[in-house]
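Structure at a glance
Now for the letters of each chain:
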Amino acid sequence: MSRRAVLLRAQLVEAARRPARTLLMGLAVIVAAFVVFGTVLAYQITERTLLAGFSGTPAAADLVVTGGDGVSLRTLDAARRLPGVAEAVGRTDAFHEFVDDPRAGLSVYADPGSGPLATVRVVQGRYPATAAELAVTRRTVDRLGLGVGETLRLAGVAPDRPVAVTVVGVVDAPDDPGETGYTTEAFAARLGGSDQLRQVEVRLTPGTDRETVSAALARAASASGPSAPGPSAPGPSAPGRAAPGSSASGPATPGSSAPGSSAAPSERAGAGLVVRAGAEVRRAEADQVSERVQDLFALVTMFVAIAVVAAVLVATSTFRIVFAQRMRQLALLRAVGAPRAGLLGALVVEGAGTGLVAGLAGVLAAYGVGHGLPPVLRASGLAVASPGHPVAAAVAVALGAALVTALAVLAPAVTAARVAPLEALRAASTTAGRRGIGRLRAAAGLLLAVGAVLVALLVASRLPDADTENYDPSTPLLAIVASGALAYAALVALGPLLVRPVLAVVGWPLRRLGPLGRLAVGGVGGAPRRAAAVSVVVALGVTLVAGALVGTASLGTLLKRELAGMAPADVAVTARGDGPLPAGLAQRARGIGELDRVVPYRSSPDVRVAGAEVDGLAATDLDLRALATWADFGASAGRLTDAGPGRVVLLRFLAEEAGARPGDEVTVTRGDRSVRLRVAATMANTPVGAGLLVDPADLDRLGVPAGPTGLLADVAGDDERARAAAVRALRAAGGQQVGIVVTADDRDELDRRLGALLGVLLSLLGLTVVVAVVGVGTTTALSVVERTRESGLLRAVGMSRPRLGAMLTVEAGLYGVLGAALGLLLAWPYSWLTVVALGQDAPVEFPAGQLAGVVLALAAATALAGLLPARRAARVSPVAALGAGGD
């Protein structure tokens, strides 16, 4: 047997003899493999779930007819007469305003209402059967106060010829925004002023040959001939539906095939129309959904890669500790003739084997969770699909784990292979870790830090301001990423030097708690290389999490500021035309129990600001302080609190046109009246569509009538029922003389998206934190073996088991606090740079409470990770510990 084989066998026997230590060596790799393969399964679950619930072309549609200018009703009639056709329906949609209220309307869609090709279900009344009949959705009934039997007047193609329709039923629909109606295809096309449909879907009788009917349908389409498109093209696709014609393949155009050639069996052309198989259309629609899922998981992959990097750092630290504990054994191998190269190779193979076993364990664990969780979720009422069985991905993850672990073990193995044979004469099997770093590493770390600072300063010198035009944030953001990578590399290199000064600050409170705290701080500071190796991984997670919190808080403040300008209250009521609200409406609105805040205002159009060539401006005396959203408003320049008599708040665009800044005076003109007002502030978005916010007295000076022209109101409740009741009460109070718009939906949608964004980001970034916590637990467990004699000595001089366990647990928690402190030091400047570099005029918000929560959560998590190893150390007998060699 060769010397290399003997060395390899010795290392493998040692690994098999200590399974617990081998498990600790590969624990971070297990977590990383679990995350990577879990992401593969999560992608499959997400894609299959979305496709299963996707409400595109119905599954019963065997053939779909589309065309560049639509499909005529004549083609639909011809399709229905073909042999083998069980059903044919047309799809079209368009938005139609109410004649009595041009600010509101209905999106009208064509649907059969029943049968396999229907996408809606009647829940009250009946489905439209003839012209001038309409079915509306549940939410539309609540929002608009409609009921079965009510007559509506919709704006048709001719402005002076409205179309009267009667509500005959209520339906459940795939998507219900609250302004949706359904009718027959003929009447839907007539409302749009055309006989064109967006597409025709055909269901065949069982046993019918699809290719035969497809060819007959293409001939029928050609025979029916193209009809001239009407005044309006078909509208947008129905809610939750993807128009097949918008797919990547798209409909073929006439003449796209060479003369004499035949169309593909799944696609036949005739009269500018394309007949495609329903399965093909659904596949194209599904591909569009899959592309969105791929875009999402491209972002997920980036964070998974960060978690893998964290796992590599943890694995490197773990192997360094393990090899230090086995130094006497390695020295003995060197003493009996093992060459350095052979020892290095054996250690690398041992690491790769550990990685392979850990990778397989992580894959199996992820497979079990991935296939076990969906049935549980389905049992709880959630429609979640199960993943597949990606064998190739599983093998790739396991082999990748072996490769990554081999790379992680390389540096510790090189150091361990240099052990001198005389180390075998040491009484202990472990060696003390080095406290400092070499000159080369220190120089590299300093160069990296200088590079990070220079790149950050370059970005800071080119940040946009109010006068910057055509700003592209991509280059500054890439530079920030490069600077952050350099800074983190510098932290990895210089970490052992930074541990003591940072620990002196964060460990100060613990030192005041007595001997236990001082011993815990000393235990962490006594091995700075070990502390730095774990803390930098924690710092990576904290930097990313803190950056996500700062970015989300800043983005949320910006979006709330903009939304406050667009939707300052739950409901907006305006007078029709340019006149005032009905007399006494504001007082009646204050008496409505469903409303808890009513703010009337005046608004006057056709106001001009000297120096700004902008027409059609409106000035309003809306009192922002009276709104519940007052705290969300923000000024681009100046202060909103300075507004008052003789002062004006300008739309930022208008101020730029007039060349006015806060403190300047501007002349505001309405008709033959003018006033001089001092600019108090500018806003990126002003409420109620006004360009100027002025005091009521100044609006009087401009000759604006006293009656309010609109009011804003907040609903007493937050649910849909309360809003619908408030809208009905306002309609009853204002009659047909007012228009009512519910603006709270936009705010709710923003809150949902922000919450979902923050949840996704924190979940992804939490992967890195999980790996870091595993690293803390592993390091604490291995250090218990390394410090067996130290623990025995502390027990011998009188420290009780609980106090020893508490000391080691506090040490583990200190790793989390130390890493959190280093991470916040990195996150603070880079978060500020990133938010400002976006160029969106967003205020930089540092959520102190959330950041403090991150630090406390990490301290608790890392302390819990070290709890079991600490309890194990506390159970060791002092006599056995003092007599042990640590092995």
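In case you missed it, the structure is sitting above this.
Residues numbered from 1 in each chain as written. Predicted model: local features only at pLDDT ≥ 70, side-chain atom pairs only at ≥ 80, totals over all residues. Heavy atoms only, no water.

Re the overall build of the chain
To be explicit about the condition: Each helix is a run of H or I in the DSSP string that is no shorter than four residues. Each strand is a run of E no shorter than two, and both are numbered from the N terminus. Three labels apply to residues, based on accessible area from a 1.4 Å probe with only protein chains included: buried if under 20% of the type maximum, exposed if over 50%, partly exposed otherwise in between. Contacts between residues were defined by any pair of non-hydrogen atoms, one from each residue, lying within 4.5 Å. In this description, accessible areas are obtained by the Shrake-Rupley approach with a 1.4 Å probe, and a residue is regarded as covered only by the protein chains that are shown.
Broken down by element type, the chain carries 25 helices and 23 strands. A buried classification covers 48% of the 887 residues belonging to the chain. For the chain, contacts bridging at least 24 residues in sequence account for 82% of all contacts bridging at least 6. When the accessible surface of the chain is totalled, it reaches about 39,400 Å², and 61% of it is carbon and sulfur.

Considerations on the packing of helix 14 (residues 515-525) against helix 22 (residues 801-837)
Under the convention used in this document: What counts as an axis is a line fitted to C-alpha atoms, over the stretch in contact for a helix, and the angles between N-to-C directions run from 0 to 180 degrees. Geometric relationships in this document are graded by angle, where less than 35 degrees denotes roughly parallel, more than 145 denotes roughly antiparallel, 65 to 115 denotes roughly perpendicular, and other angles denote oblique. When the near helix sits turned anticlockwise from the far one by under a right angle, the crossing is termed left-handed; a clockwise turn instead gives a right-handed crossing. Residue classes follow a fixed rule: Ala, Val, Leu, Ile, Met, Phe, Trp, Tyr, Cys and Pro count as nonpolar, while Asp, Glu, Lys and Arg count as charged, and any other residue, Gly among them, counts as polar.
Where helix 14 meets helix 22, the axes come as close as 9 Å, and the angle between the chain directions of the two elements is 50°. Here helix 14 is positioned oblique relative to helix 22, judged by the angle of their axes. The interaxial crossing formed by helix 14 with helix 22 has right-handed handedness. Listed contacts from helix 22 to L516, L519, A520, V521, G523 and V524 of helix 14 are R803, A806, M807, V810, E811, L814 and Y815. Per-class residue counts for the contact of helix 14 with helix 22 are 10 nonpolar, one polar and two charged.

Points about the packing of helix 12 (residues 474-506) against helix 22
The contact between helix 12 and helix 22 brings their axes to 9 Å, and the two run at 150°. On the basis of their axis angle, the class for helix 12 and helix 22 is roughly antiparallel. The handedness of the crossing between helix 12 and helix 22 is right-handed. Between helix 12 and helix 22, the contacting residues are P476, L477, I480, S483, G484, A487, Y488, L491, V499, V502, L503 and V506 on the first element and L814, V817, L818, A821, L822, L826, Y830, L833, T834 and A837 on the second. Taken together, the residues of the contact of helix 12 with helix 22 sort by class into 19 nonpolar, three polar and no charged.

Things to note about helix 11 (residues 439-461)
Where we set the bar: Helix span is expected to be 1.5 Å times the residue number reduced by one.
For helix 11, spanning 23 residues, the distance from its first C-alpha to its last is 33 Å, which sits close to the expected 33 Å at 1.5 Å a residue. Within the span of helix 11, buried status applies to A442, G445, G451, A452, A456 and V459. Against helix 12 and helix 22 lie the buried residues of helix 11.

Some remarks on the pattern of salt bridges
For side chains of opposite charge, pairing can occur when their charged atoms come near one another. Applicable threshold: Any Lys or Arg side-chain nitrogen located within 4 Å of an Asp or Glu carboxyl oxygen qualifies as a salt bridge.
A full pass over the atoms with the stated rule returns 19 salt bridges. Note that E211 and R210 form a salt bridge whose closest N and O atoms lie 3.1 Å from each other. Classification of E211 by relative accessible area gives partly exposed; the value is 21%. A salt bridge links R701 to D698; the shortest N-O distance between them is 2.7 Å. Here the residue R701 and the residue D698 both occupy positions in helix 18 (residues 696-701), the gap between them amounting to three residues, near one helical turn.

A word on the packing of aromatic side chains
So the rule is basically this: Here a pair means two rings of Phe, Tyr or Trp (six-membered ring of Trp) with centres within 6.5 Å. Their orientation is stacked below 30 degrees between planes, edge-to-face above 60, and tilted elsewhere.
According to the stated counting rule, one finds two aromatic pairs in the structure shown. Centre to centre, the rings of W828 and F846 are 4.2 Å apart; their planes meet at 5°, and the pair counts as stacked. Here W828, found in helix 22, pairs with F846, found in the loop between helix 22 and helix 23 (848-865); they are 18 residues apart in sequence, far enough to count as distant. Assessed through its relative accessible area of 25%, F846 is described here as partly exposed.

Here we look at the environment of G526
Structurally, G526 can be placed in the loop between helix 14 and helix 15 (528-566). Taking C-alpha positions, G526 is 9.0 Å from R500, a pair spaced 26 residues apart along the chain.

Section: the sheet that holds strand 23 (residues 738-742)
Heads up, the rule is: The pairing criterion is simple: DSSP has to find at least two bridges between the two strands.
One open sheet accounts for four strands, arranged 14-22-13-23; its pairing is antiparallel. In this open sheet, the two strands that pair with only one neighbour each are strand 14 (595-601) and strand 23. Ignoring which end each strand starts from, the neighbouring axes of this sheet average 20° apart. With five bridges connecting them, strand 13 (residues 571-575) and strand 23 associate as antiparallel partners. Across the sheet, T574 pairs through a bridge with G739, a residue of strand 23.

Digging into the side chain of D714
Heads up, the condition is: Whenever a nitrogen or oxygen atom comes within 3.5 Å of another N or O atom, the pair is scored as a polar contact, on the condition that within protein one atom can donate a hydrogen and the other can accept it, and that pairs from neighbouring residues in sequence are kept only if both atoms are in side chains.
Along the chain, D714 falls in strand 22 (residues 710-715). Classification of D714 by relative accessible area gives buried; the value is 10%. In this structure the side chain of D714 is engaged in a polar contact, spanning 3.1 Å, whose partner is the backbone nitrogen of D570. Contact partners of D714, with chain neighbours within four places excluded, come to A569, D570, E594, L595, D596, R597 and A628.

Let's talk about helix 24 (residues 867-874)
Formally: This arc is taken over the directions from the axis of the helix to the C-beta atoms.
Among the residues of helix 24, those classed as buried are P869, A870, A873 and A874. Looking straight down helix 24, one finds that the buried residues subtend no more than 140° of arc, so they occupy a single side. For helix 24, the exposed residues lying more than 90 degrees away from the buried face are L868 and R871.

Thoughts on a nonpolar patch on the surface
Filter applied, for reference: Patch members must show over 30% relative accessible area and no salt bridge, and they are joined within 9 Å when carrying like charges or within 5 Å when they are nonpolar side chains of Val, Leu, Ile, Met, Phe, Trp or Tyr.
A contiguous nonpolar patch, built from L356, L360, V391, V395 and L399 and spanning about 440 Å² of accessible area, is present on the exposed surface. For the nonpolar patch, the elements supplying multiple residues, two or more each, are helix 9 (340-379) and helix 10 (391-417). Looking at the nonpolar patch, the element that brings in the most residues is helix 10, giving three residues. Residue classification places L356 among the partly exposed positions, given a relative accessible area of 34%.

Thoughts on a positive patch on the surface
Counted only if it meets this: As used throughout, the charge tally considers Lys and Arg to be positive and Asp and Glu to be negative, leaving His and the chain termini uncounted. Note on charges: their place is set at NZ of Lys, CZ of Arg, CG of Asp or CD of Glu.
A contiguous patch of positive charge, built from R801, R871, R872 and R875, is present on the exposed surface. Its location among the elements puts R871 in helix 24.

Considering the environment of A383
For A383, the location among the structural elements is in the loop between helix 9 and helix 10. Judged by relative accessible area, A383 falls into the exposed class, the value being 69%. Linking A383 and T49, residues 334 residues apart in sequence, is a C-alpha distance of 7.2 Å.

Examining unusual backbone geometry
One non-glycine residue with positive phi stands out, namely D606, at about 60°. On the secondary structure map, D606 appears in strand 15 (residues 603-609). Phi at V688 takes a positive value of approximately 50°, unusual for a residue other than glycine. On the secondary structure map, V688 appears in the loop between strand 20 (673-683) and strand 21 (692-694). Look at V688 and you get partly exposed, because its relative accessible area is 28%.

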